[in-house]
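# Observations on the model geometry
The chain contents come next:
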Amino acid sequence: MARIIPQPGILEIAPYVGGQSRIEGMAEVVKLSSNENPFGPSDKARAAFARTVHTLHRYPSTDHAELRAAIGEVHRVDPARVICGVGSDEIISFLCYAYAGPGTEVIHTEHGFSMYRISALGAGATPVEVPEKARVVDVDAILSACTDRTRLVFIANPGNPTGTMVPMHDIERLAASLPGQVLLVLDGAYAEYAEGFDGGARLVESRDNVVMTRTFSKLYGLGGLRIGWGYGPAPVIDVLNRIRGPFNLSQTQLETAEAAVRDTDYAERCRSENARLRAWMVEALNRLGVATDASFANFVLARFAGQAQAEACEAYLQTQGLIVRKVAGYKLPQALRITVGDEPSCRRVVHAIGQFLEGEE
Ligand SMILES: *Cc1c(COP(=O)(O)O)cnc(C)c1O
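The rules behind the values
- Residues numbered from 1 in each chain as written.
- Predicted model: local features only at pLDDT ≥ 70, side-chain atom pairs only at ≥ 80, totals over all residues.
- Heavy atoms only, no water.
- UniProt positions renumbered as here; feature names shortened; annotations may be inferred.
- Helix = DSSP H or I, 4+ residues; strand = E, 2+ residues; numbered from the N terminus.
- Buried < 20%, exposed > 50% of the residue type's maximum accessible area, 1.4 Å probe, protein only.
- Contact = heavy atoms within 4.5 Å.
- Areas by Shrake-Rupley, 256 points an atom, 1.4 Å probe, with all protein chains shown as cover.
- Lys, Arg positive; Asp, Glu negative; His and termini not counted.
- Charge placed at Lys NZ, Arg CZ, Asp CG, Glu CD.
- Pairing = 2+ DSSP bridges.
- Axes fitted to C-alpha atoms, helices over the stretch in contact; angles between N-to-C directions.
- Phe/Tyr/Trp six-rings, centres within 6.5 Å; stacked < 30°, edge-to-face > 60°.
- Lys NZ or Arg CZ within 6 Å of the ring centre and 35° of its normal.

Under the annotation held in an unreviewed UniProt entry, the protein chain carries the name Histidinol-phosphate aminotransferase and is attributed to Rhodovulum bhavnagarense. You can read under Subunit (unreviewed entry) in the UniProt record for the protein chain the words "Homodimer." If you open the UniProt record of the protein chain and go to Pathway (unreviewed entry), you find "Amino-acid biosynthesis; L-histidine biosynthesis; L-histidine from 5-phospho-alpha-D-ribose 1-diphosphate: step 7/9."

Helices and strands together make up the secondary structure of the protein chain, namely 12 helices and 12 strands. Along the first, second and third principal axes, the C-alpha atoms of the protein chain reach 60 × 55 × 50 Å. The buried share of the protein chain, reckoned over its 361 residues, is 56%. Once local pairs closer than 6 in sequence are excluded, the contacts in the protein chain between residues at least 24 apart make up 74%. On the protein chain, roughly 16,200 Å² of surface is accessible, and the fraction owed to carbon and sulfur atoms is 53%. Side-chain charges of the protein chain comprise 36 positive and 42 negative groups, with the mean position of each set lying 3 Å from the other.

Reading across from one edge, β9-β12-β11 is the order of the three strands in this open sheet, with antiparallel pairing throughout. At either margin of the open sheet sits one strand with a lone partner, and together these are β9 (299-303) and β11 (325-326). Two strands pair when backbone bridges link them, and β9 and strand β12 (residues 335-339) are joined in this way by five bridges, in the antiparallel orientation. Among the inter-strand pairings, Arg303 is bridged to a residue of β12, identified as Ala335. Against the sheet, helix α10 (residues 264-287) contacts β9 and β12, and its axis sits at roughly 10° relative to β9.

Quick look at the packing of aromatic side chains now. Tallying each qualifying case throughout the model produces seven aromatic pairs. Consider the rings of Tyr116 and Phe154, whose centres lie 4.7 Å apart with planes at 5°: the pair is stacked. In this pair, Tyr116 sits in helix α4 (residues 114-122) while Phe154 sits in strand β5 (residues 150-156), placing the two residues 38 residues apart along the sequence. For the pair Tyr116 and Phe154, a shared accessibility class is recorded, and that class is buried. Relative to Tyr220, the ring of Phe216 has its centre 5.1 Å away and its plane inclined at 45°; by these criteria the two rings are tilted. Residue class for Phe216 comes out buried when judged on its relative accessible area of 1%. A residue is classified by how much of its surface remains accessible, and Tyr220, at 7% relative accessible area, is buried. A network of ring pairs unites the aromatic residues Tyr16, Phe113, Tyr116 and Phe154 as a single cluster. Between the NZ or CZ atom of Arg337 and the centre of the ring of Phe299, over which it lies, the distance is 5.6 Å.

This is the structure in structure tokens:
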């Protein structure tokens, strides 16, 4: 009998499955399965990355002061209340280790991002899933699910894989109505794609129970480098910094991210190109009879007649060298999540879906 056993909860974690990136026997594929920026990072970020080759023998900054200052200027937040991590995934796990644990509950929503459940279980807490209303986060259902064991509530706004948004007045009402021991986490991985949206930064500033997480993996095109950040009340950021490793980010990550966030022209070009192609894709899919919700992110959730049709379409797209994301694991078996790529990729995937539907008739 094994005596070396992990902590309770660990074996309940189903390992995270990333977006597929290869098709057997195909050299050239179009990957629209991981919500990556099809244009990659800005040239300024690439140049900053290359420059760090000269300082690889030096330990990195432990306080991330320069990156936090840049984030503060560009996103108009107080750099003293910013914490940087190895992707926003690391901020999510800091929050779970610091505020949840055995005997406590962590709320996430029906179609919510899988890292919330994984990190909650990793910390020994019990994840609690709350239903959404037609693929939109339901604030009242969250309030009904709160108990005296609840410690954290995770909401992605815009959501992944739905792409939908909860209006800020609902989020404000949620923050104001949560039990006193509950911290609300607003995951803003796609906040930059929603025009004029601050990800909840102003709400963070007006309350003591709200934290926002952000990432360089999506709009900034740096998913491969792993950089994210969090913004919260000073006491919360102080707690998270106590469990953060002093050298959690390399100098390469820090300097590349700083150059990326400062290149606001490039970010704006990526944002507006995404908005243009997203609108085109939604309209083209709807014309083919494929239903979508209004998306505020860099992907579109295409809803098919049922699970069988979604699966058949995904398989057909693979024969055409196109990889999209199946989201049955997010309780959306009838849907496929399609990242907004560059224009040729968007046209190819819509054309292929049209061919698939024609072949079905
Ligand atoms: C992609 C994504 C993230 C970003 O994770 P990183 O660790 O920063 O790469 C966070 N939340 C959601 C909902 C995402 O889709």
